[in-house]
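Examination of the molecular architecture
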Amino acid sequence: MGRGRRYVRAVRARLLALILALAAPVVVTPSASAAGCGFMGFQPCAQPPVTNPAARTPGAAVPQATQMNRAIYGTPNKIRGTVKPTKVFGVPDAGTVPVLGDVGAKADDGSYVMYETRVDERTVDLMVWSAGLLGPAPVRIQLPPSWGKDPARKYPGLWLLHGGGDPADYQCWTVYSQLQKRTSELEALVIMPSSGVGGHTTNYLTFGYKAGKQYQTFVSTELMQILQRGYKLGEKNAVAGASAGARSALEVAFKNPTKFGAAAAYSGLLDTQILGIDMSITTGPLAALQTPYEMWGSEYLNITTWNDRNPAKNIDKLKGIKTYVSVGDGAQGPLDLNFIVDPIEAVANASTKSFVSYAQRGGLDITADLYGHGVHQWQYFDAAFGRSLPLLLGPLGLTMQQPQPDPIRTA
């Protein structure tokens with residue numbers, strides 16, 4: 001009996017040690033003055049390859065750079081778009097020093113476009129060196145039809161965010177949706193940045209040192225400044241996202257209310273602090289062999305951070321921003337043949353309905369598209385995107401030039 005008790009105590013001690021080891025990055029806060037990078041700031045920080053982008057020769061060849069935090073796991077969705085994928089799916093091909101944009105355009109923190117790659121007549125990939133990410137990240141832009149006809153013209157921006165765990169990464173919208181068809185006459189820059197493996201456009205916790213993965217800063221500050229200074233982006237913007245990008249679209253909007261006039265969220269976790277959903281966010285990185293809790297820390301020990309990123313807890317900050325949310329119920333719908341029940345969409349449904357409840361109690365003017373049967377797949381995200389376009393374009397000063405097909409409503 002004594003040996004059994006000692007064995008149990010030993011096992012408990014080892015489990016406690018393991019829990020404390022996993023929790024250490026969550027509860028330990030190094031000094032904000034730490035200058036280094038990596039864990040506890042003990043490693044040197046990555047430096048941009050070029051400190052003076054304006055000194056480069058436009059059109060000069062640039063070798064392919066390695067993207068930070070790219071999704072390599074997961075099953076690609078069915079190709080429905082009209083833009084040809086790159087040589088390696090989700091990875092920008094090599095390119096040249098910018099010729100389409102201003103070669104010297106850079107953000108206040110030094111972030112700049114390393115190279116451009118022309119994909120087709122209206123599609124261009126940019127590889128951006130980001131100070132917030134401590135390395136390169138790709139962005140796809142779709143040019144307006146009148147691009148190049150008036151050098152002084154500025155264009156509004158429609159920002160589209162992808163979901164998590166998809167090898168297509170920043171290319172998701174052009175390969176999985178009918179984006180080009182839906183926006184063929186749209187006089188706007190359509191901007192599709194990478195948000196990394198998790199697809200969350202949010203600033204990961206740094207605990208006082210530079211650790212990269214500052215995706216909210218990358219999108220709403222660095223990239224916006226680069227595009228405004230070098231690629232004709234104007235002051236009016238709207239943002240939309242699917243899956244993990246749905247919650248991200250609302251975060252980007254409520255954290256930057258003077259920059260974004262509209263936001264749309266398709267099948268996202270819009271209330272992140274529901275029991276079970278919070279754990280899926282903290283442990284989700286394990287599926288990509290990454291560190292759990294690294295994004296926002298513990299949902300209990302870092303409650304302020306969680307509140308700060310949860311759309312349901314920031315209803316007041318969304319007021320004045322036209323808001324659209326959509327979600328299915330997880331049951332087989334008119335656009336899918338391979339699903340009977342989809343638990344992911346069912347969870348998104350519960351989270352979205354919770355957000356809608358908060359929004360209605362808080363007086364937010366919201367369009368809630370709870371369309372019934374449907375699963376967590378791009379054909380549903382794309383259909384909702386088509387339905388939400390008029391709402392997104394209003395604050396941009398644009399209107400639809402052609403009716404949008406709605407396969408869900410007409411099925």
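These numbers were taken from a predicted model, which means no experiment stands behind them.

A few words now on the state of the cysteines. The final tally for this structure, using the stated rule, is 1 disulfide. A sulfur-sulfur distance of 1.9 Å marks the disulfide that ties Cys37 to Cys45. Between Cys37 and Cys45, the disulfide has an S-S torsion of 100 degrees and is therefore right-handed.

For the rest of this paragraph, the subject is the pattern of salt bridges. The tally for this structure, following the rule as stated, stands at 9 salt bridges. The residue Asp316 makes a salt bridge to Lys319 at a minimum N-O spacing of 3.4 Å. For Asp316, a relative accessible area of 57% gives the class exposed. Note on Lys319: relative accessible area 41%, which makes it partly exposed. Across the pair Asp369 and Arg387 runs a salt bridge, and its minimum N-O distance is 2.7 Å. Residue Asp369 is found in strand β11 (residues 366–372), and its partner Arg387 is found in helix α10 (residues 378–393); the two are separated by 18 residues along the sequence. Summarising the burial analysis for this pair, Asp369 and Arg387 share the class buried. Connected via shared salt-bridge partners are Lys255, Asp308 and Arg309.

All right, on to the confidence of the model for the chain then. Summarising the model, the chain shows a mean pLDDT of 89, and 89% of its residues fall at 70 or more. Low confidence marks residues 6–34, where pLDDT is under 50. Its contacts with residues over four positions away, or in another chain, come to 21 contacts.

Bringing helix α4 (residues 215–230) into the picture now. The largest bend in α4 amounts to roughly 35 degrees and is located at Leu223. Of all 16 residues that make up α4, 12 are buried, and the element is covered over most of its length. Taken together, the buried positions of α4 are occupied by Tyr215, Gln216, Phe218, Val219, Ser220, Glu222, Leu223, Met224, Gln225, Ile226, Leu227 and Gly230. In the stretch just after α4, Lys232 is the one whose phi turns positive, near 65 degrees.

Thresholds applied
- Residues numbered from 1 in each chain as written.
- Predicted model: local features only at pLDDT ≥ 70, side-chain atom pairs only at ≥ 80, totals over all residues.
- Heavy atoms only, no water.
- Disulfide = S-S within 2.5 Å.
- Salt bridge = Lys/Arg side-chain N within 4 Å of Asp/Glu carboxyl O.
- Buried < 20%, exposed > 50% of the residue type's maximum accessible area, 1.4 Å probe, protein only.
- Helix = DSSP H or I, 4+ residues; strand = E, 2+ residues; numbered from the N terminus.
- pLDDT = per-residue confidence, 0-100.
- Contact = heavy atoms within 4.5 Å.
- Bend = angle between axes of the 7 residues up to and from the residue.

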